[in-house]
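Remarks on the overall topology
Okay, here's what each chain looks like letter by letter:
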Amino acid sequence: MADKLRTQQQLEALQNKYIGTGHADTTKHEWLSNIARDSYASYQGHPPLLSYMAIGMGKCEERVRAECMEKMVLPAGPRPETEQ
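Residues numbered from 1 in each chain as written. Predicted model: local features only at pLDDT ≥ 70, side-chain atom pairs only at ≥ 80, totals over all residues. Heavy atoms only, no water.

If you tally the helices and strands in the protein, you get 4 helices and 0 strands. Going from N to C terminus, the protein has its helices and strands arranged as α-α-α-α. The C-alpha radius of gyration of the protein comes to 17 Å, more than 25% above the 12 Å expected for a compact globule of 84 residues. The dimensions of the protein, computed from C-alpha atoms along their principal axes, are 55 × 35 × 15 Å. (Helix = DSSP H or I, 4+ residues; strand = E, 2+ residues; numbered from the N terminus. Rg over C-alpha atoms; globule rule 2.2 N^0.38 Å.)

Rendered as structure tokens:
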């Protein structure tokens, strides 16, 4: 029983520390937004990947970085009226 409680406490501590881990009440939209934001942050944090994307898109690296930052505002679009 103590192991189960300890595991639950560790999970809650991780969820408080890392917002994107989600919890039982996380909606589909929130989950998708977290995944998209993590992806855009990773693209910006890895210069070789950002360069690769810029070459593929035919744009300069700084423009691709700026577009990634703009997309982080609403990565999965506006919040839907009702969740399914």
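Moving on, there is more to tell.
Turning our eyes to something else, we now look at the pattern of salt bridges. This model, assessed by the stated rule, comprises 6 salt bridges. A salt bridge links arginine 65 to glutamate 62; the shortest N-O distance between them is 3.6 Å. Note that arginine 65 and glutamate 62 are positioned in helix α4 (residues 61-71) at a spacing of 3 residues, about one turn of the helix. When salt bridges with common partners are traced through the structure, they connect Lys59, Arg63 and Glu67 into a single cluster. (Salt bridge = Lys/Arg side-chain N within 4 Å of Asp/Glu carboxyl O.)

Our next topic: the environment of serine 39. Mapping serine 39 onto the fold places it in helix α2 (residues 28-45). A sequence separation of 38 residues divides serine 39 from glycine 77, and the C-alpha atoms of the two residues are 15 Å apart.

On the surface, a nonpolar cluster with roughly 270 Å² of combined accessible area is contributed by Trp31, Leu32 and Ile35. Tracing the backbone shows isoleucine 35 in helix α2. Overall, the relative accessible area of 39% leaves isoleucine 35 in the partly exposed class. (Patch = residues over 30% accessible without salt bridge, like charges linked within 9 Å, V, L, I, M, F, W, Y side chains within 5 Å. Areas by Shrake-Rupley, 256 points an atom, 1.4 Å probe, with all protein chains shown as cover. Buried < 20%, exposed > 50% of the residue type's maximum accessible area, 1.4 Å probe, protein only.)

We now examine the packing of α2 against α4. Interaxial distance between α2 and α4 falls to 9 Å at its minimum, and their mutual angle equals 160 degrees. The orientation of α2 with respect to α4, classified from their angle, is roughly antiparallel. Between α2 and α4 the crossing geometry is left-handed. Contacts from Tyr40, Tyr43 and Gln44 of α2 reach α4 at Arg65, Cys68, Met69 and Lys71. (Axes fitted to C-alpha atoms, helices over the stretch in contact; angles between N-to-C directions. Parallel < 35°, antiparallel > 145°, perpendicular 65-115°, else oblique. Left-handed = near helix turned anticlockwise from the far one by under 90°. Contact = heavy atoms within 4.5 Å.)

Another aspect to go through is the state of the cysteines. Taken as a whole and assessed by the stated rule, the structure comprises 0 disulfides. Summary of cysteine pairing: cysteine 60 is not part of a disulfide, and the nearest cysteine sulfur, belonging to cysteine 68, is at 12 Å. Taking relative accessible area as the criterion, cysteine 60 reaches 49% and is therefore assigned partly exposed. (Disulfide = S-S within 2.5 Å.)

Once that is clear, we can look at the side chain of glutamine 44. Locating glutamine 44 in the fold gives a position in helix α2. Sequence-distant contacts of glutamine 44, defined by excluding residues within four places in its chain, comprise Arg65, Cys68, Met69 and Met72.

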